[in-house]
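# Close look at the chain arrangement
So you can see what is in the structure, the chains are spelled out below.
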Amino acid sequence: MKNRKLPCVPKHILKAHKVNEPGDHRFMAAARLLQALWREERNLPIGNCPDARGGMKEIGSRISEDCGLKGRNFLTQEIAGLAYREYVYQETGALIDEDRLWMNLLSSQPLCFNLFGELKLDDEKANRFFRYLFPDYVASVEGIYFEHSPARGDPDYTGDYTAFDVLVECVTTEGKSGHIAIEVKYTESMAESAARSRARYDELSRLVGLYRDADAAALRASPIQQLWREHMLSRVMVCNGRYDTGRFVVIYPAQNDLCERAVARYRAHLASDDPAVSGFGVLTLETCVEAYRMIGEPDMADALYSRYLDFGRVEQVVFGEVQTGGFTLAGRV
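Residues numbered from 1 in each chain as written. Predicted model: local features only at pLDDT ≥ 70, side-chain atom pairs only at ≥ 80, totals over all residues. Heavy atoms only, no water.

This next bit is on the sheet that holds strand E7 (residues 280-284). Consider a sheet: its strands pair through backbone hydrogen bonds, and that pairing is either parallel or antiparallel. Here we have five strands laid out as an open sheet, ordered E3-E4-E5-E6-E7, and mixed in their pairing. Looking at the sheet topology across the chains shown, the edges are occupied by strand E3 (138-148) and E7. On average, each strand axis in the sheet is tilted by 25 degrees relative to the strand beside it, whichever way the strands run. Sheet analysis places E3 next to strand E4 (residues 164-172), joined by eight bridges and oriented antiparallel. (Pairing = 2+ DSSP bridges. Helix = DSSP H or I, 4+ residues; strand = E, 2+ residues; numbered from the N terminus. Axes fitted to C-alpha atoms, helices over the stretch in contact; angles between N-to-C directions.)

One finds Phe116, Phe129, Phe130 and Tyr186 to be the most contacted residues of the largest nonpolar core, which totals 65 residues. Ranked by residues supplied to this core, first place goes to helix H2 (residues 26-41) with eight residues. Each residue touching phenylalanine 129, except ones within four places of it in the same chain, is listed here: Phe116, Leu119, Cys288, Ala291, Tyr292 and Ile295. One finds Leu219, Tyr243, Val263 and Leu270 within the second-largest nonpolar core, a separate group that totals 29 residues. (Core = buried A, V, L, I, M, F, W, Y, C linked by side-chain atoms within 4.5 Å. Buried < 20%, exposed > 50% of the residue type's maximum accessible area, 1.4 Å probe, protein only. Contact = heavy atoms within 4.5 Å.)

Looking now at helix H4 (residues 77-88). Since the α-helix packs 3.6 residues into each turn, any two residues three or four apart lie on the same face. Relative to the 16 Å expected for twelve residues at 1.5 Å per residue, H4 spans 16 Å between its end C-alpha atoms, a close match to the ideal helical length. Buried residues of H4: Ile79, Ala80, Leu82, Ala83, Glu86 and Tyr87, and no others. Projected down its long axis, H4 shows its buried positions confined to an angular sector of 160 degrees, all on one face. More than 90 degrees from the buried face of H4, the exposed residues found are Glu78, Tyr84 and Arg85. (Expected span 1.5 Å × (residues − 1). Arc of directions from axis to C-beta.)

Our focus in this paragraph is the packing of helix H9 (residues 225-239) against helix H10 (residues 257-267). Between H9 and H10, whose axes approach to 10 Å, the crossing angle comes to 55 degrees. On the basis of the axis angle, H9 is oblique to H10. By crossing handedness, the relation of H9 to H10 is classed as right-handed. Contacts between H9 and H10 involve Leu227, Trp228 and His231 from the first element and Ala262, Val263 and Tyr266 from the second. Of the residues belonging to the contact of H9 with H10, the class tally is five nonpolar, one polar and no charged. (Parallel < 35°, antiparallel > 145°, perpendicular 65-115°, else oblique. Left-handed = near helix turned anticlockwise from the far one by under 90°. Nonpolar A, V, L, I, M, F, W, Y, C, P; charged D, E, K, R; others polar.)

Packing of H4 against helix H6 (residues 108-121) leaves a shortest axis separation of 9 Å and a crossing angle of 90 degrees. Here H4 lies roughly perpendicular to H6, going by the angle between them. For the pair H4 and H6, contact is made by Glu78, Ile79, Leu82, Ala83 and Glu86 and by Phe113, Asn114, Gly117, Glu118, Lys120 and Leu121, respectively. For the contact of H4 with H6, the per-class residue count stands at five nonpolar, two polar and four charged.

On to the layout of surface pockets, then. Approximately 710 Å³ is the volume found for the largest pocket. Forming the walls of the largest pocket are 29 residues, and the residues nearest its centre are Leu95, Glu147, Ala163, Asp165 and Gln226. At the level of elements, H6, E3, strand E5 (177-184) and H9 are the ones that each hand at least two residues to the lining of the largest pocket. Broken down by class, the residue content of the lining of the largest pocket amounts to eleven nonpolar, six polar and twelve charged. The computed volume of the second largest pocket comes to approximately 220 Å³. What lines the second largest pocket is a set of 15 residues, among which Tyr137, Thr245, Gly246, Arg247 and Ala276 lie closest to the centre. In terms of residues, the lining of the second largest pocket owes the most to one element, strand E6 (residues 245-252), which gives three residues. Residues that form the lining of the second largest pocket fall into these classes: four nonpolar, five polar and six charged. (1 Å grid on protein atoms, 1.4 Å probe; cavity = no way out; pocket = protein on both sides within 12 Å on 5 of 7 lines; lining within 4 Å. Points joined across faces, edges and corners; volume = space filled by probe spheres on them.)

So, about a nonpolar patch on the surface. Among the surface-exposed residues, Tyr84, Val88 and Tyr89 lie close enough to one another that they form a single nonpolar patch of about 370 Å² accessible area. When its relative accessible area of 44% is taken as the criterion, valine 88 is described as partly exposed. (Patch = residues over 30% accessible without salt bridge, like charges linked within 9 Å, V, L, I, M, F, W, Y side chains within 5 Å. Areas by Shrake-Rupley, 256 points an atom, 1.4 Å probe, with all protein chains shown as cover. Salt bridge = Lys/Arg side-chain N within 4 Å of Asp/Glu carboxyl O.)

Our focus in this paragraph is the pairing of strand E1 (residues 46-50). Both E1 and strand E2 (residues 56-63) contribute to a ladder of five bridges, which runs antiparallel. Within E2, the position partnered with proline 50 by the bridge is methionine 56.

Inspection of the secondary structure assignment puts leucine 101 in helix H5 (residues 98-102). Spatially, the C-alpha atom of leucine 101 lies 29 Å from that of histidine 12, the residues being 89 residues apart in sequence.

Enumeration over the complete set of coordinates arrives at 17 aromatic pairs. Ring plane angle 45 degrees and centroid distance 6.2 Å describe the contact between tyrosine 84 and tryptophan 102, whose orientation is recorded as tilted. Of the two residues, tyrosine 84 sits in helix H4 while tryptophan 102 sits in helix H5, which places them 18 residues apart along the sequence. Accessibility expressed as a relative area gives 5% for tryptophan 102, which makes it buried. Geometrically, the ring pair formed by phenylalanine 116 and phenylalanine 130 is stacked, given 6.1 Å between the ring centres and 5 degrees between the ring planes. (Phe/Tyr/Trp six-rings, centres within 6.5 Å; stacked < 30°, edge-to-face > 60°.)

Below you can see the structure in the form of structure tokens.
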């Protein structure tokens, strides 16, 4: 699509595809519709979720439980098999939600597997992908881990259950042991409740040397408190000698302006904007998809784009219904 701004999808179209959720922000509504279109094109049975009255309702951005347990929330059966294995062998204390993983098309949890699963299954493809995205940092990939924390609850780290969506271990271009800790967002607004205040957070904020003002109240509040905690966890893994070096990277769609604003606010608190110094980086989901294309994997690039980023199809539905008489503009001009 040519316009960066997403359409504000009319309610009658959302209702027609069973994705009219009043609490959705603009990007989320468009993304939910895109997931419904993806499901409909593949004739996947619709799923349901609790409604406001305590019952159940159909919702177009979900697939049925039977369909989900067959791995249809994933782009390939190989990725589905990997997701199942990772679920079975998840780290103690990991927060892998079965419902989100198998049935929720909109969730960023299956997105993590769709985006990075093939790379875990193919070492050489992982090397090409991460070298392309981080040419100044990655020489070779040594391992990829999902929903990972170095030691949940360990006071030598953050003392809580903070974890990364994905952790990539690597050998750096300087021959050092490194990591890329990744947080993946799709429709998130970054407005989740702040974690309970801990003295360890305050201690780490000063210790890691990342911030202009380590005691700033804004670091401890939404929309940036999660980034603060995860970035500190990435840095303390270096301070504790687990790795020689590390980077914390946030990935989100370019058109999710709520994520974009949150990242900009977080960056303003960093003492340095140089990734080599701060260990902080940002990638759009579009850039990651394009990386597959650039390393010679166009089929995966196309599959990811169609599933998560092809908002031109949303525009086609919005304006196609006008053009075909599905919605009259009479009296509205």
